[in-house]
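# Reading the structure
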Amino acid sequence: PCGAPPNLSQKRVWIAQYAQGRGERTHAQCDDDVKLFIRKDDDNVSLRDPSPAEVQMMLDYMERLLAGEYPMVGVSAREGNNHGGAGPAPLLVECTRSMRFYAFRTDDLLSIDSGRMPEMADFDTTLQFLRSGRKNCVLFYWAQNQPRTQHPGGCAVYRTNETHDAAARRLAELHPNFVSVYTKVTKSKRKKRVAFDERTEVRVQWQKAYESSQRREAASERHAAADNQVARGSTAAKERGDDGAHE
């Protein structure tokens, strides 16, 4: 419903709950000002407008990937899309930044606290998945873009430089080993600077966040193996009638 919940991340939770109530195993969400693109061909990193059939192909890929190991599948941002290199669809990259356009396994999204950040919630959501051992992936054969940060709509309704700064610092507090804060100055042809031309932003170590979950899992397996070995030794001693006493 328009106006409630009060911020974008909580609206996204509402969407997921609505999808779950409809029995939707997966669902997609996107910002209200995105434009889609597609690679010109498999040997080119340049982009063009997609046809409706090519958008449907993108959605089909996302659905198939969600049916596999990924709880979250995104579409690459236009900025940096060329870093995915040339190649055939879907040009999948794992454990990386995802924003503005993504699809989820509904139950997985509702298993984390994706509504705790009023801003930068997409980064927080991705990091929660990665740190819990669940990879995300992003399709680079397609791309999406928005006119600019703070374009009317979405978070721009309530976001200010102050709230954005607080969100960036909160993200770093929640994920201290993987997020660092810096000041970004946007290059602009405008003679007069406007809000958000200079703002606090974050650098995120996505792969490191996922790897941390694998180290924890490996350590947990080692501890479990050690506990099992101790238990087997205790059982064997009881079977021998060994009470632990020594002459």
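Read on for a plain summary of the structure. (Residues numbered from 1 in each chain as written. Predicted model: local features only at pLDDT ≥ 70, side-chain atom pairs only at ≥ 80, totals over all residues. Heavy atoms only, no water.)

### With respect to the packing of aromatic side chains
The condition that has to hold: Stacked, tilted and edge-to-face pairs are distinguished by plane angle, under 30 degrees for stacked and over 60 for edge-to-face with tilted covering the rest, among Phe, Tyr and Trp rings (Trp via its six-membered ring) whose centres lie within 6.5 Å. By the criteria applied, helices consist of DSSP H or I runs no shorter than four residues and strands consist of E runs no shorter than two, each listed in order from the N terminus. Either the NZ atom of lysine or the CZ atom of arginine qualifies as a charge over a ring when it sits within 6 Å of the ring centre and within 35 degrees of the ring normal.
Considering all chains together, one arrives at five aromatic pairs under this definition. On the numbers, 5.4 Å between centres and 85 degrees between planes, the contact of F123 with W206 is edge-to-face. Highlighted residues: F123 in helix α4 (residues 121-131) and W206 in helix α6 (residues 206-240), separated in sequence by 83 residues. The ring of Y61 has R64 lying over it, and the distance from NZ or CZ to the ring centre is 4.7 Å.

### So, the side chain of Q29
To be explicit about the condition: What qualifies as a polar contact is a pair of N or O atoms within 3.5 Å, subject to a donor-acceptor requirement within protein and to the restriction that residues adjacent in sequence count only when both atoms come from side chains. Contacts were defined at the residue level, with two residues in contact if any of their heavy atoms lie within 4.5 Å.
Within the secondary structure, Q29 sits in strand β1 (residues 26-30). A distance of 3.2 Å separates a polar side-chain atom of Q29 from the backbone oxygen of R12. Contacts of Q29, omitting those with residues within four sequence positions, involve R12, I15, A16, R100, F101, Y102, F104 and L109.

### Concerning the nonpolar core
Put simply, the test is: Among buried residues, the Ala, Val, Leu, Ile, Met, Phe, Trp, Tyr and Cys ones that are joined through side-chain atoms within 4.5 Å form a nonpolar core. With a 1.4 Å probe rolled over the protein chains alone, any residue whose accessible area is under 20% of its type maximum counts as buried; one over 50% counts as exposed, and the rest are partly exposed.
Counting residues in hydrophobic clusters, the biggest one holds 21 residues, and the most contacted among them are L127, L171 and V202. Secondary-structure elements contributing two or more residues to this core are α4, α5 (161-174), β9 (198-204) and α6. Tallying contributions element by element places α5 first for this core, with five residues. In this structure, L171 is in contact with M117, M120, F123, D124, L127, V179 and V202, ignoring residues within four places of it in sequence.

### Some details on α5
As a reminder of what qualifies: In a helix, the anticipated span is given by 1.5 Å times the number of residues less one. Arc definition: it is the arc formed by the directions from the helix axis to the C-beta atoms.
Here α5 is 14 residues long and its end C-alpha atoms lie 20 Å apart, about the 20 Å a rise of 1.5 Å per residue gives. Those residues of α5 that fall on the buried side of the exposure criterion are H164, A167, A168, L171, A172 and L174. Burial along α5 is one-sided: seen end-on, the buried residues are contained in an arc of 165 degrees. In α5, those exposed residues whose orientation departs by more than 90 degrees from the buried face are E162 and E173. Close packing links the buried residues of α5 with α4, β8 (179-185) and β9.

### A word on the layout of surface pockets
Heads up, the condition is: Both site types are read off a 1 Å grid over the protein atoms alone. A 1.4 Å probe that fits but cannot get out defines a cavity, while an open set with protein on both sides within 12 Å along at least five of seven lines defines a pocket; lining residues have an atom within 4 Å of a point. Grid points are joined across faces, edges and corners, and a volume is the space filled by probe spheres set on the points. For this classification, Asp, Glu, Lys and Arg are treated as charged, while Ala, Val, Leu, Ile, Met, Phe, Trp, Tyr, Cys and Pro are nonpolar and the rest, including Gly, are polar.
Looking at the second largest pocket, its volume works out to about 210 Å³. E79, G80, T96, R97 and F140 are, among the 14 residues lining the second largest pocket, the residues nearest its centre. Elements represented by at least two residues in the lining of the second largest pocket include exactly β4 (72-77) and β7 (136-145). Of the residues that constitute the lining of the second largest pocket, the class distribution is six nonpolar, six polar and two charged.

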